[in-house]
Amino acid sequence: MTSTPRKQSTVAERKTAFAALYRLVKTSLSRGRTMGSLSSAEFQQGVDQTYEALDVLARAIHGEPKRWQYAHLCDVCCLRYAEHFAREAGKELSTWCCTPCYRHLKAEGKLKEASNE
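Residues numbered from 1 in each chain as written. Predicted model: local features only at pLDDT ≥ 70, side-chain atom pairs only at ≥ 80, totals over all residues. Heavy atoms only, no water.

> What is the right way to read the pattern of salt bridges from this model?
Opposite charge on two side chains permits them to pair, given that their charged atoms come into close proximity. Counted according to the given criterion, the structure contains four salt bridges. Residue R59 pairs with D55 through a salt bridge whose shortest N-O separation is 3.1 Å. You can see R59 and its partner D55 sitting in helix 2 (residues 41–62), four residues apart, about one turn around the helix. Salt-bridge contacts for K91 lead to E88; the nearest nitrogen and oxygen are separated by 3.3 Å. Residue classification places K91 among the partly exposed residues on the basis of a relative accessible area of 44%. With relative accessibility at 8%, the residue E88 sits in the buried group. Each of the salt bridges in this network shares a partner with another, and the network as a whole consists of D55, R59 and E64. (Salt bridge = Lys/Arg side-chain N within 4 Å of Asp/Glu carboxyl O. Helix = DSSP H or I, 4+ residues; strand = E, 2+ residues; numbered from the N terminus. Buried < 20%, exposed > 50% of the residue type's maximum accessible area, 1.4 Å probe, protein only.)

Here is the structure:
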C-alpha cells in the first residue's frame, strides 16, 4: 500500500494552523477558569502547563518578540505578537493587538477613548 506524499506546508500555513489552535486553547482555558467545578489544583496545573506550551510554540513559530512587542500573540488574529493594549468599546477587558489589527479596530471606530476617571 502506498500513501500519497504530503505537501510541505508553508510558513504562512503553519502560522495559520497554530493561530487556530492557539485561539481554541486560550478560549477554552479562559472559560474553564471561570467554572467553579474546574478550579481544582490539578486543573490549574494543566492550565499553567498548557500556557507554557503555547508560549514555547509561539516563540518557535514566530521567533522571540522584539523589544517593542508584548510576549503575547494578538487576541484578534493570533498571527503576530501584540504591540498595543486596546480598550474596545463594549468590552470589559482590554485586547492585546498587533499593529494591523489595532489600526483596523481604530478605523472601524471600535476603540474606547481613554477617560479621565
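Next comes the rest of the description.
> Would you mind showing me how to read the confidence of the model for the chain here?
Low pLDDT marks regions whose predicted coordinates should not be analysed in detail. Within the chain, residue pLDDT values average 79, and 79% of them lie at 70 or more. Ranking the helices and strands of the chain by mean pLDDT puts helix 3 (residues 99–107) first, with 94, and helix 1 (residues 11–33) last, with 77. (pLDDT = per-residue confidence, 0-100.)

> I keep staring at the layout of surface pockets and nothing clicks. Help me out?
In this model, the largest pocket occupies a volume close to 540 Å³. Looking at the lining of the largest pocket, the element that brings in the most residues is helix 1, giving five residues. When the residues that make up the lining of the largest pocket are grouped by side-chain class, the tally is six nonpolar, four polar and five charged. Contributing to the lining of the second largest pocket are Y22, K26, Y51, L54, D55, A58, A71, H72, L73 and Y81. (1 Å grid on protein atoms, 1.4 Å probe; cavity = no way out; pocket = protein on both sides within 12 Å on 5 of 7 lines; lining within 4 Å. Points joined across faces, edges and corners; volume = space filled by probe spheres on them. Nonpolar A, V, L, I, M, F, W, Y, C, P; charged D, E, K, R; others polar.)

> Just checking my understanding: could you explain the packing of aromatic side chains for this structure?
Geometrically, a pair of aromatic rings is defined through the distance of the ring centres and the angle of the planes. For the structure on display, the rule yields three aromatic pairs. Both rings, one in F18 and one in Y22, keep their centres 5.7 Å apart while their planes meet at 50 degrees; by these two values the pair is tilted. Of this pair, F18 and Y22 both sit in helix 1, four residues apart, which is roughly one turn of the helix. Note on accessibility: F18 and Y22 belong to one class, buried. By way of ring pairs, the aromatic residues Y70, F85 and W96 are connected into one cluster. (Phe/Tyr/Trp six-rings, centres within 6.5 Å; stacked < 30°, edge-to-face > 60°.)

> What should I look at first to understand the nonpolar core in this one?
Grouped burial of nonpolar side chains is what soluble globular proteins tend to show. Listed in full, the nine residues of the largest apolar core are F18, A19, Y22, V25, L54, A58, L73, C78 and Y81. Sort the elements by how many residues they give to this core and helix 1 lands first, with four residues. (Core = buried A, V, L, I, M, F, W, Y, C linked by side-chain atoms within 4.5 Å.)

> Help me out: how do you make sense of the environment of T50 in this one?
On the secondary structure map, T50 appears in helix 2. Measuring from C-alpha to C-alpha, the distance between T50 and K26 comes to 9.0 Å, with 24 residues separating the pair along the chain.

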